[in-house]
Amino acid sequence: MKKRVYSGIRATGRLHLGNYLGAVKGMLALQDEYDCIFSVVDSHTITVPYDPKTLKQSVREIILDYLAAGLDPKKCHLEIQSMVPQHIELSYYLATIYPVSRLEDLPTYKDKKAQYPKYVNMGLLYYPVLMAADVLLYKGELVPVGIDQEPHLEVMREIARKFNGMFGQTFPEPQRFKTEGEYVPSLAGGGKMSKSVEGSYITLTDDLETIRKRLAAAPTDSGQIGGELPKEGGVANLFKLLKLLKLDVEYKKFEQDYRDKKIRYTELKEVLAKAIYEELQPFQEKRKIFKEDPKLVDDIIDEGNRKCLQMADRTMGEVKKKMGLI
Ligand code: ADP
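Now for a quick tour of the structure. (Residues numbered from 1 in each chain as written. Predicted model: local features only at pLDDT ≥ 70, side-chain atom pairs only at ≥ 80, totals over all residues. Heavy atoms only, no water.)

1. A closer look at the pairing of strand β1 (residues 4-9)
Of all six residues in β1, five are buried; the element is thus mostly enclosed. Direction of pairing for β1 relative to strand β2 (residues 35-40): parallel, over a ladder of six bridges. Within β2, the position partnered with R4 by the bridge is D35. Once the chain exits β1 it traverses helix α1 (residues 17-30) before rejoining the sheet at β2, and the crossover so formed is right-handed. (Buried < 20%, exposed > 50% of the residue type's maximum accessible area, 1.4 Å probe, protein only. Helix = DSSP H or I, 4+ residues; strand = E, 2+ residues; numbered from the N terminus. Pairing = 2+ DSSP bridges. Right-handed = clockwise from strand over helix to strand, strands pointing away.)

See the structure below:
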């Protein structure tokens, strides 16, 4: 049996470079060799404030992004999480064996609480349990996601171990599949590139002018120039992006310019903008083709969901039997 792979992305806006380099590149690397399920996790999306009128369209946009990026429905299953209700069903059973206190301590929960102090709902606390159910429902062993998801992977493994200990060997302990771009920095100076932080990201559908504008707004005043490159802040992040885009020659040149106190950030940003656009152009062309063929996309989604429902049913039968429910 081929190893199972599972990963998902929330439907909260267009995919950005962080999602692409941290998660989608990993998915692309695995789809040839493994049995892969890639999901749009809409049930996770609704744990923060959202607009019900546009949710379905946002889900669709992520599917288009997946297809344009090169996820191939002949090689992997594309799923919409809420269409496979067993995710929610399994998450409830798993929740009954996991302590609330551990969930309250997770950094992602604390971050979201701070970000939306008036929207601290049960779903937010429950997020890592549902994520564990997402992967374990398919007995996933490899999970291509960014480094920010590592605490959630740890929860997943704890849940799998606990379930196996209580009810007999059922689930593997999933590992994160790491990519070079496992942490793409924000353009806003600190932290990671994120959909929910305005000014932090470049989306995969941005044109060259938009990319230029977004980079122009990225801070570069690190308060120093000359000597070693700073380890964090705006300048450090621009250099990290050069590295992630494999612009090694340019990296060395700008590093020398920095040492020699003659670096011109407009020049560096232009090099970056062009390289990013070049990377994104084939994606954007492919996206147009899928967007113009809604029937094809509908069929891909239907087929993916159908296959996933079958796999999910098998696991649920086994879980309910082991837990003594049937
Ligand atoms: P966001 O934080 O932008 O809302 P999601 O939480 O939907 O994105 O994450 C989707 C996937 O993209 C996850 O695998 C996550 O680890 C990855 N990811 C998100 N931001 C980054 C980043 N800046 N660098 C690397 N991977 C990232």
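Next comes the rest of the description.
2. Some words on helix α10 (residues 234-244)
Judged by how many residues are buried, α10 sits mostly within the fold: nine of 11 residues are covered. Listed in full, the buried residues belonging to α10 are G234, V235, A236, N237, L238, F239, L241, L242 and L244. In the core, the buried residues of α10 are packed alongside α1, α9 (208-216), α11 (248-259) and α12 (265-291). Once α10 ends, the next one or two residues include K246, with phi positive near 60°. (Contact = heavy atoms within 4.5 Å.)

3. Some remarks on unusual backbone geometry
Of note in this structure, K139 is not a glycine but carries a positive phi near 50°. One can find K139 in the loop between α7 (122-136) and β4 (142-144). The exposure class assigned to K139 is partly exposed, which follows from its relative accessible area of 25%.

4. Topic: the site of the ligand
As a structural note, the neighbourhood of the ligand is formed by 19 residues, with R10, H16, G146, D148 and K192 the closest of them. Between the ligand and K192 there is a distance of 2.7 Å, counted from an oxygen atom to a side-chain nitrogen or oxygen. At a separation of 3.5 Å, an oxygen atom of the ligand approaches a polar side-chain atom of S194. Broken down by element, the shell around the ligand gets its largest block of residues, four residues, from α1. (Near = heavy atom within 4 Å. Polar contact = N/O pair within 3.5 Å; in protein donor to acceptor, adjacent residues only side chain to side chain.)

Remember, this is a structural readout, not a statement about activity or role.
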